[in-house]
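# Structure assessment
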Amino acid sequence: MEINPLAAEGVEQWIDMRQLLSPYYSRHELSAEVERWEDGRTGVFIATDDGEPIGFSEVSMRDRAPGCSTSPVGYLEGWWVAESRREQGVGRALLVAAEAWARRRGASEMGSDAHVDNTVSIIAHHAIGFTEKRPVARFHKAIG
């Protein structure tokens, strides 16, 4: 297994995996997201095995994050491992790469979130050292 920063030739593979994690985003929206990464505030790491993508981590730099007391904060925006490769250290290796990237940019904490019903993600977060902080309800209201 190898963990490497996302390269231009791997963008389509990242989009495929990102849609498995977040199927409500279109390929067009995700392609546009890649263009916004040019500001250097987002890092993406791809796990491959024999050249085949098996997971990714996506981390951004935020000024603050719920439960964190320092700034800036590395924030795990997306994290996915192929079901057949879970519980084999792939997710942990992807997080280690994301944490190192965030540390190089001045972060001393990582934040993340998971839907309350996503028990697989919650268990994985706990397994790699995250602790839950003040559960919050998030709201949305269209006003236009």
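Scroll up to find the structure.
Scope of this entry: the structure provided in the associated data block. (Residues numbered from 1 in each chain as written. Predicted model: local features only at pLDDT ≥ 70, side-chain atom pairs only at ≥ 80, totals over all residues. Heavy atoms only, no water.)

The next point concerns the overall build of the protein. Helix and strand counts for the protein stand at four helices and five strands. Shown N-terminal to C-terminal, the secondary structure of the protein runs as helices and strands in the order β-α-α-β-β-β-α-β-α. Relative to its length of 144 residues, the protein is compact, with a C-alpha radius of gyration of 15 Å against a globular reference of 15 Å. With respect to the three principal axes, the spread of C-alpha positions in the protein is 40 × 40 × 30 Å. Residues classed as buried in the protein amount to 36% of the 144 residues present. In the protein, 55% of the contacts between residues at least 6 apart in sequence involve partners at least 24 apart. Just so you have it, the protein exposes about 9,300 Å², and 50% of that area is on carbon and sulfur atoms. Counting 16 positive and 22 negative side-chain charges, the protein places the averaged centre of each group 9 Å from the other. (Helix = DSSP H or I, 4+ residues; strand = E, 2+ residues; numbered from the N terminus. Rg over C-alpha atoms; globule rule 2.2 N^0.38 Å. Buried < 20%, exposed > 50% of the residue type's maximum accessible area, 1.4 Å probe, protein only. Contact = heavy atoms within 4.5 Å. Areas by Shrake-Rupley, 256 points an atom, 1.4 Å probe, with all protein chains shown as cover. Lys, Arg positive; Asp, Glu negative; His and termini not counted. Charge placed at Lys NZ, Arg CZ, Asp CG, Glu CD.)

Under the criterion given, the structure shown has seven salt bridges. D16 is paired through a salt bridge with R27; the nearest N and O atoms lie 2.8 Å apart. Of the two residues, D16 is situated in helix α1 (residues 11-21) and R27 in helix α2 (residues 27-36); the sequence distance between them amounts to eleven residues. Several salt bridges converge on common partners, so that one network encompasses E12, D16 and R27. (Salt bridge = Lys/Arg side-chain N within 4 Å of Asp/Glu carboxyl O.)

What the five strands build is an open sheet, ordered β1-β2-β3-β4-β5; its pairing is mixed. Taken across any chain shown, the strands that pair with only one partner, and hence form the sheet edges, are β1 (2-5) and β5 (110-112). Each strand of the sheet is rotated relative to its neighbour by a mean of 30°, with strand direction disregarded. Direction of pairing for strand β4 (residues 73-81) relative to β5: parallel, over a ladder of three bridges. (Pairing = 2+ DSSP bridges. Axes fitted to C-alpha atoms, helices over the stretch in contact; angles between N-to-C directions.)

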